[in-house]
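Residues per chain, in single letters:
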Amino acid sequence: MATGKGPYKCTLSPELIQKAEEELFETPEKRTQALEALRKKVTHHPGLKCPTHDLYLLKWLRVRKFDVDRAFALLLTYFTKRNEFPEVFANFKPSTVKHILDAGISGVLKDRDKEGRRVLVFRPGRWDPEQCPITDLFKTNLLTLEKLVQEEETQINGVVLLADYADMGWHQAKHISPFFAKRLMGIIQEAFPLRIKGFHIFNEPTFIGYIFNIIKPFMKEKLRQRLHFHACSVESLHEFLNPDILPEDFGGKLPRYSNKDWAEMLLAAESEYEEMAKSCLVEHKPISENDNKKADAIGGVTGTFRKLNVD
């Protein structure tokens, strides 16, 4: 994977280069032109503060297939959502969710699937709602996705979500509300620069219908088509995920699943998230005619700016 903040140097395999061209319309010429166009938009947008180096901008371009206008709109939406959801994005760093990581709720399989996609494992049955809010679960998964999207291979191939509902009870499910589901889906589908290529539900509880009746209205059709319910059938799950990459918890050939390595890696990346928190979008907020008069009376300006703290 290419590193650094200078001009982009492609280190992709021939197979990934071909896939990026076929699926994302990425070519060296288009990449160069799109990077310069997107950098210009970012640099000239009032109130937007974020990196402008090639590696940062590429993730936005790839997820929008090098449509510069759509990539820029996604970037702005991302920072707008950060402002609107301080419960998740305030103090957005791994140390704040160490309790979730320690409980083994969220992690990533060591190996990619046959399509080269990362597999995020989510086990909400291990969550104790009396100890922390549901937003901590979402925050942990977003921290994980932020780390994964740094990988060029993942930008091109995407990710797969594997939700294991073993031990999930009503005392946990009752905290899933339409308000939370709308915000969750809004960020995942409309504001995050990553391709969600599959969503697998395993060890379904009897009330799984209740949960997804809340979530489904906010899911776009493309994501609905990638949603697969496997009940407790490892045979069904293996139609999509090879047993060679799965722990024995999922009928795979590997030892029982542990997120320990992933948790340690994520916690060691604390400084990356501290740097990430310096990026922001300061939104212009028009003021009323009365406020204009008050401002004029004291020689003030005719507009205000606000920034929600996401550090």
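Below you will find a few notes about this structure. Everything numeric here is computed off the predicted structure, so don't read it as measured data.

Before going further, it helps to spend a moment on a positive patch on the surface. Taken together, the side chains of Lys65, Arg70, Lys220 and Lys222 present a region of like positive charge at the surface. With respect to the element layout, lysine 65 can be found in the loop between helix 3 (54-63) and helix 4 (68-84).

The next point concerns the packing of aromatic side chains. In this description, a pair of aromatic rings is defined by centroid distance and the angle of the planes. Going through the model one piece at a time under the given rule, you end up with 14 aromatic pairs. Judged by centre distance (6.5 Å) and plane angle (75°), the rings of tyrosine 78 and phenylalanine 89 are edge-to-face. Here the residue tyrosine 78 occupies a position in helix 4, and phenylalanine 89 occupies one in helix 5 (residues 86-89), the gap between them amounting to 11 residues. Comparing tyrosine 78 with phenylalanine 89, the two get one shared label, buried. Note on tyrosine 78 and phenylalanine 192: the rings are 6.4 Å apart at their centroids and 65° apart in plane angle, and the pair reads as edge-to-face. Residue tyrosine 78 is located in helix 4, and its partner phenylalanine 192 is located in the loop between helix 10 (178-190) and strand 5 (196-202); the two are separated by 114 residues in the primary sequence. Both residues of the pair, tyrosine 78 and phenylalanine 192, belong to the buried class. Taken together, Tyr56, Trp60, Tyr78, Phe79, Phe89, Phe92, Phe192 and Tyr273 form an aromatic cluster joined through their ring pairs.

In this section: the sheet that holds strand 5. Strand order in the open sheet formed by 5 strands is 2-3-4-5-6, and the pairing between neighbours is mixed. What marks the edges here is a single partner per strand, and that holds for strand 2 (106-108) and strand 6 (227-229). Taken pair by pair, the neighbouring strands of this sheet meet at an average axis angle of 20°, ignoring direction. Looking at chain direction, strand 4 (residues 159-164) and strand 5 are connected through 6 bridges and run parallel.

A word on the packing of helix 2 (residues 28-44) against helix 3. Interaxial distance between helix 2 and helix 3 falls to 10 Å at its minimum, and their mutual angle equals 100°. Our classification of the angle between helix 2 and helix 3 gives roughly perpendicular. Contacts between helix 2 and helix 3 involve Arg31, Ala34, Leu35, Leu38, Arg39 and Val42 from the former and Asp54, Leu57, Leu58, Trp60 and Leu61 from the latter. Of the residues in the contact of helix 2 with helix 3, the class split is 8 nonpolar, no polar and 3 charged.

Relative orientation of the contacting elements helix 7 (residues 134-148) and helix 10 amounts to 5°, with a least axis distance of 12 Å. By the angle between their axes, helix 7 is roughly parallel relative to helix 10. On helix 10, the residues touching Ile134, Thr135, Phe138, Leu142 and Leu145 of helix 7 are Phe180, Leu184, Ile187 and Ile188.

In this structure, phenylalanine 25 takes a positive phi of about 60° despite not being glycine. For phenylalanine 25, the location among the structural elements is in the loop between helix 1 (14-24) and helix 2. Judged by its relative accessible area of 43%, phenylalanine 25 falls in the partly exposed class. Positioned with a positive phi, alanine 231 is a non-glycine residue whose angle comes to about 50°. In this structure, alanine 231 sits in the loop between strand 6 and helix 13 (234-238).

Turning next to the environment of threonine 135. Position of threonine 135 among the secondary structure elements: in helix 7. For the pair threonine 135 and phenylalanine 180, spaced 45 residues apart in the sequence, the C-alpha separation amounts to 8.5 Å. Ignoring anything within four residues of it in the chain, the contact list for threonine 135 reads Phe85, Glu87, Val88 and Phe180.

Attention now goes to the side chain of histidine 230. Inspection of the secondary structure puts histidine 230 in the loop between strand 6 and helix 13. Given the relative accessible area of 3%, histidine 230 is considered buried. A distance of 2.7 Å separates a polar atom in the side chain of histidine 230 from a polar atom in the side chain of serine 236. What histidine 230 contacts, discounting residues up to four positions off in sequence, is His200, Ile201, Phe202, Glu204, Ser236, Leu237 and Phe240.

With that out of the way, let us pick up the nonpolar core. By size, the foremost hydrophobic cluster in this structure holds 83 residues, and its most contacted members are Leu38, Leu48, Phe138, Leu142, Leu145, Ile211 and Phe212. For this core, the leading source of residues is helix 4, giving 8 residues. Not counting chain neighbours up to four residues away, the residues in contact with leucine 142 comprise Val88, Phe89, Phe92, Ile187, Ile188 and Phe192. If you look at the next biggest cluster of nonpolar residues, it comprises 12 residues, including Val119, Val160, Leu237 and Phe250.

The rules we used
Residues numbered from 1 in each chain as written. Predicted model: local features only at pLDDT ≥ 70, side-chain atom pairs only at ≥ 80, totals over all residues. Heavy atoms only, no water. Patch = residues over 30% accessible without salt bridge, like charges linked within 9 Å, V, L, I, M, F, W, Y side chains within 5 Å. Areas by Shrake-Rupley, 256 points an atom, 1.4 Å probe, with all protein chains shown as cover. Salt bridge = Lys/Arg side-chain N within 4 Å of Asp/Glu carboxyl O. Lys, Arg positive; Asp, Glu negative; His and termini not counted. Charge placed at Lys NZ, Arg CZ, Asp CG, Glu CD. Helix = DSSP H or I, 4+ residues; strand = E, 2+ residues; numbered from the N terminus. Phe/Tyr/Trp six-rings, centres within 6.5 Å; stacked < 30°, edge-to-face > 60°. Buried < 20%, exposed > 50% of the residue type's maximum accessible area, 1.4 Å probe, protein only. Pairing = 2+ DSSP bridges. Axes fitted to C-alpha atoms, helices over the stretch in contact; angles between N-to-C directions. Parallel < 35°, antiparallel > 145°, perpendicular 65-115°, else oblique. Contact = heavy atoms within 4.5 Å. Nonpolar A, V, L, I, M, F, W, Y, C, P; charged D, E, K, R; others polar. Polar contact = N/O pair within 3.5 Å; in protein donor to acceptor, adjacent residues only side chain to side chain. Core = buried A, V, L, I, M, F, W, Y, C linked by side-chain atoms within 4.5 Å.

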